[in-house]
Amino acid sequence: MSDQDSIFFRNFSILLGVMILLTIILAVGSSMFQDNLVENLKDRLDRSDIQASIAPAAAVNTDPNAIVEVAPAQQAVPFDGSLDGELIYNNVCAACHGTGAGGAPKLEAAAWEGRIDKGAEAVLANAINGYTGEAGLMPAKGGRTDLTDEQVKAAVDFMTGSL
Ligand code: HEC
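Cut-offs used in this document
Residues numbered from 1 in each chain as written. Predicted model: local features only at pLDDT ≥ 70, side-chain atom pairs only at ≥ 80, totals over all residues. Heavy atoms only, no water. Domains from an automatic or database assignment. Patch = residues over 30% accessible without salt bridge, like charges linked within 9 Å, V, L, I, M, F, W, Y side chains within 5 Å. Areas by Shrake-Rupley, 256 points an atom, 1.4 Å probe, with all protein chains shown as cover. Salt bridge = Lys/Arg side-chain N within 4 Å of Asp/Glu carboxyl O. Lys, Arg positive; Asp, Glu negative; His and termini not counted. Charge placed at Lys NZ, Arg CZ, Asp CG, Glu CD. Helix = DSSP H or I, 4+ residues; strand = E, 2+ residues; numbered from the N terminus. Core = buried A, V, L, I, M, F, W, Y, C linked by side-chain atoms within 4.5 Å. Buried < 20%, exposed > 50% of the residue type's maximum accessible area, 1.4 Å probe, protein only. Contact = heavy atoms within 4.5 Å. Donors = N, O, S within 2.8 Å, 3.2 Å for Na, K, Ca; no water. Tetrahedral: all angles 85-135°; square planar, octahedral: opposite > 155°, others 65-115°.

**Q** Give me the lowdown on the domain arrangement of the protein, citing residues and values where you can.
**A** Per the domain assignment, the segments of the protein are domain 1 (3-52) and domain 2 (79-161). Summarising the inter-unit geometry, the C-alpha centres of domain 1 and domain 2 are found 88 Å apart.

**Q** Which residues make up a negative patch on the surface, and what values do they have?
**A** Residues D35, E39, D43, D46 and D49 make up a contiguous surface patch of negative charge. Element by element, the count of residues in the negative patch is highest for helix 1 (residues 3-45), at 3 residues. Tracing the backbone through its elements, the reader meets D46 in the loop between helix 1 and helix 2 (48-54).

**Q** Please give an account of the nonpolar core that cites residues and values.
**A** By size, the foremost hydrophobic cluster in this structure holds 15 residues, and its most contacted members are C93, V152 and V156. When residues of this core are traced back to their parent elements, those giving at least two are helix 4 (85-97), helix 5 (120-129) and helix 6 (149-161). Top contributing element to this core by residue count: helix 4, with 5 residues. Setting aside residues no more than four positions away along its own chain, V152 makes contact with L124, A127, I128, K141 and L147.

**Q** Quick rundown of unusual backbone geometry? Include the residues and the values.
**A** We note that D80 has phi near 50 degrees; this positive angle belongs to a residue other than glycine. Among the structural elements, D80 can be located in the loop between helix 3 (64-67) and helix 4. Its identity is not glycine, yet K141 carries a phi of approximately 55 degrees, on the positive side. Tracing the backbone through its elements, the reader meets K141 in the loop between strand 2 (137-138) and helix 6. Given the relative accessible area of 14%, K141 is considered buried.

**Q** Explain a nonpolar patch on the surface to me, using residue names and the numbers behind them.
**A** A cluster of nonpolar side chains, namely F8, F9, F12, L15, L16, M19, I20, I24, V28 and M32, defines an oily patch on the protein surface of about 1,000 Å² accessible area. Structurally, the position occupied by L15 is in helix 1.

**Q** Break down the side chain of H97 for me, citing the residues and quoting the values.
**A** Locating H97 in the fold gives a position in helix 4. Residue classification places H97 among the buried residues on the basis of a relative accessible area of 9%. Sequence-distant contacts of H97, that is, excluding residues within four places in its chain, are made with Y89, A104, P105, K106, L107, W112, M138 and M159.

**Q** Got a sec to walk through the coordination of the iron atom of the ligand? Specific residues and values, please.
**A** In the first shell of the iron atom of the ligand, the protein supplies H97 (NE2) and M138 (SD), at 2.0 to 2.1 Å from the metal. Around the iron atom of the ligand sit 6 donor atoms; with metal-centred angles ranging over 86 to 178 degrees, the donor geometry is octahedral. Pair noted here: H97 is in helix 4 and M138 is in strand 2, with a separation of 41 residues, a long-range link.

Have a look at this one:
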């Protein structure tokens with residue numbers, strides 16, 4: 001290596017060293033500065049004290065529920081929840097069972113032969129859930145699914161009691 005080369009190499013090494021040092025200083029410095037900046041911004045963005053000081057003394061309550069007690073929607077039970085089997089039969093079931101429409105068993109003992117034998121539970125379940133038998137289609141709760149199970153039972157009891 002010539003003298004000039006070694007001088008260049010030395011100078012270049014020094015320069016390189018200085019640049020590396022400078023890079024480190026800048027990196028550390030900027031990260032410190034950044035941390036500072038974030039803290040500073042957080043402080044500035046926290047305006048709760050300002051919000052509190054300019055908050056209105058009173059506000060109009062626009063929440064309707066706060067003033068009017070809203071009653072929960074009443075689930076309408078047909079016939080006012082009556083458990084009068086005859087009433088329910090006349091209004092819902094008689095359309096088919098009174099006339100035998102669609103194969104519905106009329107209130108005659110002959111038409112109910114083999115039905116009651118299944119047991120009251122099974123007959124009631126068929127009336128509540130509906131089913132398709134040999135005679136035809138019995139819709140669930142006679143098509144009035146808003147009837148309670150108890151109301152259907154009252155109607156079935158009335159029907160089987162009047163054979
Ligand atoms: C749209 C016509 C229709 C209406 C309305 C109707 N039914 Fe029926 N129901 C039928 C038919 C048809 C059958 C016979 C189905 C079969 O066995 O093939 C039947 C059968 C039944 C049976 C016999 C079930 C069994 O296991 O054999 C019961 C109990 C019954 N209905 C109760 C009622 C009651 C209670 C109502 C009123 C809430 C009602 N039905 C309204 C058509 C109707």
